[in-house]
Amino acid sequence: MNESYTISNEYCFIEDALKRLYDIFKAWTFPKMNHSDKTITETINDDDQKVDAKKESTRRSSNDFDAKTAGASTLLAVHRNKNGRLPVSNYDDPRWYDQPDNSFAPGPGDQVSQSSTAYTNTSMQQQTSSKEPAPDSKRRLGRIFGQIVVTLTLLIIAFLGGWFSHQAYTNTSFNPSDQSKSYANLIQQAWTAVDQNYVDRKAINYQQMSYQAISAMLGVLHDTGHTRFLTPQDVQSEKQQLSGTLIGIGIYLQQDAKTKQIIITSTIPGTPAEKAGIKRGDVIVAVNGANTVGKDINTVNPLIKGSVGTNVTLTVKRPSTNQTLTFTMKRAEIQVPSVASYYIAQDHIAHIQIKQFSGGVSDQLKDALNKAKKSGAKSIILDLRDDPGGYLQEAINVASEFVGKGNVLLEQDSTGQRIPQTVNGHPLDTTTPIVVLTNSNTASAAEIVSGALKYNHRAIIMGVKTFGTGTVLEEFDLSDGSAILLGTSEWLTPNGQFIRDKGIQPNIEVNLNSNVSPLTPSDENQGNLNLQQILSSKDTQLVGAIRYLESH
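All values derive from a computational prediction rather than experimental measurement.

### Side note on a nonpolar patch on the surface
(1) Moving on: Together, Ile144, Ile148, Leu152, Leu155 and Ile156 make up a nonpolar patch on the protein surface, roughly 440 Å² of accessible area in all.
(2) Moving on: Among the secondary structure elements, leucine 152 is positioned in helix H5 (residues 136–169).

Quick look at the structure:
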């Protein structure tokens, strides 16, 4: 169907209908008047009749056409114009729409004074033509019909206006050349169908409908683990995490892929968890008395979180002693260091871990490097295992600590244009041997640093292939406080290799048993471990890095 043809025809139909309705309305409410009917001359001088006429004239002021209808015994205030005709209200006279407004410009012959007004009381025969009698019933019928016509006209206009608006908004036509608009309209049609027709009204949850629809929309973009939807609570949590501050008890968790056990991988020094006696390797079995065995880590985490000063009770199973222990702790605001380091004195190796690329992480790394150099470090293990990433600029700054010149990455937008992101030109150490440890959870900004050090030939990458999140995220805030983290550009290694879904391949592949957690600098500090104890651990990747640096 030709849309423009249809709309123009319907406009013509509306115009024609309104004209016909007006003609009917005019015919019924304005019966023809002879010129002789308009010349009424009998004057009433009786004071009582004048008073009655004045009252009647006042009462009818809202319906002037009643006083102008022939064939009725009425009291009429008459003003003659210079042509001897009775005036008709401009509002009621159709000629008013075609003529300029000169009603307030009286001619020389016009008389607008008290003497020019005549109050007249005549019989029906004196006021009407003897050939066209108009009974009261016809006048009343005309008035009623006129009101009905006006009402129907307004209803038709309102209906057609609403119909056109609805058609414009929910046009069901599908235009293959504009799929974005057509499919967006499809979503609106589905929403309207559910909203107006679904039988179980209590089951309709508009927030969940919209949140899940957005999540599903982002899920088909194949940017798994990166592009995603954030609820208002997620937005606040994300900002808090990247700021380096959190509210909780100070533990890091990991869920075993096979057993589904939620394991405490480490505690933050000085936090409620460490003070209470929780240890690395404890398995959470209950939170506040609620069983958590077999539940997802994303379900358990919110149970542990809460407001500052409130209590939380963890029940854990300690594999080393086979004990089940219960700890009650008070939640606190915790400043979380994003960088942890441990100096292995026997081999002069600084084991430095970046937990995530939060704000200020490059400054924390600089402090850790300076401290290691003062201690006598001659080589570095940069541990990026389980690092989910963070801010792009922090990744550039961290890579710039070790690379004097060149690119950290290449950014490619949706048009294919590539923009190099160079180092900042303020390196701290460009010569000390480095081994970077990676695993399948090394993602985003951590992959950028891994790729920059590898392809600028500044470090050896050891471990397994990284996650493969090759997009740079931009946050788009939504109206209710939720947000979309959307990959707006793709990043490539300095030599132009795509990372998305491919990850960074290590120079030396070393696997870690799935039942073994990586040994972190925090663990080493808590146990004050020496070289032999570290080498005796089951962390084959860390041991491999130490052995490589010992031989190079």
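### Some remarks on the nonpolar core
(1) Moving on: The biggest cluster of nonpolar side chains holds 37 residues, and the ones touching the most others in it are Ile352, Ile354, Phe357 and Leu382.
(2) Moving on: Residue assignment for this core shows that the elements contributing at least two residues are strand S13 (349–354), helix H11 (361–375), strand S14 (379–383), helix H12 (392–400), strand S15 (407–412), strand S17 (434–438) and helix H13 (445–455).
(3) Moving on: Counting residues per element, this core draws most heavily on H13, at 6 residues.
(4) Moving on: Aside from chain neighbours lying at most four places away, what touches isoleucine 354 is Ser338, Val339, Val361, Leu365, Leu382, Asp383, Leu384, Asp387 and Val398.
(5) Moving on: One finds Val435, Met462, Ile534 and Tyr548 within the second-largest nonpolar core, a separate group that totals 19 residues.

### Quick notes on the packing of H12 against H13
(1) Moving on: Interhelical geometry of H12 versus H13 gives an angle of 30° and a closest axis separation of 9 Å. On the basis of their axis angle, the class for H12 and H13 is roughly parallel. Between H12 and H13 the crossing geometry is right-handed. Packed against H12, whose contacting residues are Leu392, Ala395, Val398 and Ala399, the element H13 presents Ala445, Ile448, Val449, Ala452 and Leu453 at the interface.

### Quick look at the environment of tyrosine 342
(1) Moving on: In this fold, tyrosine 342 is placed in strand S12 (residues 339–344).
(2) Moving on: Separated by 39 residues in sequence, tyrosine 342 and isoleucine 381 place their C-alpha atoms 10.0 Å apart.
(3) Moving on: Only 2.3 Å separates the side chain of tyrosine 342 from the backbone oxygen of leucine 529, close enough to count as a polar contact.

### A short note on the pattern of salt bridges
(1) Moving on: Within the structure shown, the criterion is met by 9 salt bridges.
(2) Moving on: Here arginine 201 and aspartate 195 are joined by a salt bridge, their closest N and O atoms 3.8 Å apart.
(3) Moving on: Judged by its relative accessible area of 42%, arginine 201 is partly exposed.
(4) Moving on: Residue classification places aspartate 195 among the partly exposed residues on the basis of a relative accessible area of 26%.

### Some thoughts on the pairing of S15
(1) Moving on: By the criterion of burial, S15 is predominantly enclosed, with 5 of the 6 residues buried.
(2) Moving on: The sheet contact formed by S15 and strand S16 (residues 418–422) spans 5 bridges and is antiparallel. Bridged to leucine 410 within S16 is proline 420.
(3) Moving on: What sits between the antiparallel neighbours S15 and S16 is a turn of 5 residues, in which glycine 416 has the positive phi angle 95°.
(4) Moving on: As paired elements, S15 and strand S20 (residues 483–492) share 3 bridges and run antiparallel to each other. Bridge pairing links leucine 410 to leucine 492 in S20.

### What about the packing of aromatic side chains?
(1) Moving on: In the structure shown here, the tally under the stated rule is 2 aromatic pairs.
(2) Moving on: Centre to centre, the rings of tyrosine 211 and phenylalanine 229 are 4.8 Å apart; their planes meet at 55°, and the pair counts as tilted. Placement of the pair is tyrosine 211 in helix H7 (residues 206–219) and phenylalanine 229 in strand S3 (residues 228–230), with a sequence separation of 18 residues.
(3) Moving on: You can call tyrosine 211 buried: its relative accessible area is 9%.
(4) Moving on: By relative accessible area, which is 11% here, phenylalanine 229 ends up buried.

### Focus: the sheet that holds S12
Strands pair in a sheet through their backbones, by hydrogen bonds, and they do so in one of two ways: parallel or antiparallel.
(1) Moving on: With respect to topology, 6 strands assemble into an open sheet ordered S12-S13-S14-S17-S18-S21, the strand pairing being mixed. Looking at the sheet topology across the chains shown, the edges are occupied by S12 and strand S21 (508–509).
(2) Moving on: Direction of pairing for S12 relative to S13: antiparallel, over a ladder of 6 bridges. Of the residues in S13, the one forming a bridge with isoleucine 344 is isoleucine 349.
(3) Moving on: Along the sheet, H13 contacts S14, S17 and strand S18 (460–463); its crossing angle with S17, the most-contacted strand, is approximately 145°.

Reading guide: rules and limits
- For every chain, the first residue of its written sequence is number 1, and the numbers climb from 1 along that sequence.
- With pLDDT at 70 or above as the cut-off, local features in this predicted model cover only qualifying residues; side-chain atom pairs require 80 or more to be listed or tallied, and sums for whole chains, interfaces and linings still use all residues.
- Side-chain numbers come from the whole structure's heavy atoms, not from hydrogens or water.
- Each patch is built from residues that are more than 30% exposed by relative accessible area and take part in no salt bridge. Like charges join if they lie within 9 Å; nonpolar side chains (Val, Leu, Ile, Met, Phe, Trp, Tyr) join within 5 Å.
- All accessible areas in this document rest on Shrake-Rupley with a 1.4 Å probe, and a residue is counted as covered only by the protein chains that are shown.
- Within this document, salt bridges are pairs made up of a side-chain nitrogen of Lys or Arg and a carboxyl oxygen of Asp or Glu, the two lying within 4 Å of each other.
- Secondary structure elements follow DSSP: runs of H or I no shorter than four residues count as helices, runs of E no shorter than two count as strands, and numbering proceeds from the N terminus.
- Among buried residues, those of type Ala, Val, Leu, Ile, Met, Phe, Trp, Tyr and Cys that are joined through side-chain atoms within 4.5 Å constitute a nonpolar core.
- A simple rule labels every residue: compare its accessible area, found with a 1.4 Å probe on the protein chains alone, to the largest value its type can have, and call it buried under 20%, exposed over 50%, or partly exposed in between.
- Residues count as neighbours in contact if any of their non-hydrogen atoms are within 4.5 Å of one another.
- In this analysis, axes come from line fits to C-alpha atoms, helices being fitted only over the stretch in contact, and the angle between any two N-to-C directions falls in the range 0 to 180 degrees.
- Each angle gets one of four labels, with under 35 degrees taken as roughly parallel, over 145 as roughly antiparallel, 65 to 115 as roughly perpendicular, and the rest as oblique.
- What makes a crossing left-handed is the near helix being turned counterclockwise from the far one by less than a right angle; a clockwise turn instead makes it right-handed.
- Here a polar contact means two N or O atoms within 3.5 Å. Within protein one must be a hydrogen donor candidate and the other an acceptor candidate, and residues neighboring in sequence count only if both atoms are side-chain atoms.
- For two strands to count as paired, DSSP must find a minimum of two bridges between them.
- Pairs were defined over the aromatic rings of Phe, Tyr and Trp, the Trp ring being its six-membered one, requiring ring centres within 6.5 Å. Orientation was assigned from the angle between planes: stacked under 30 degrees, edge-to-face over 60, tilted for the rest.

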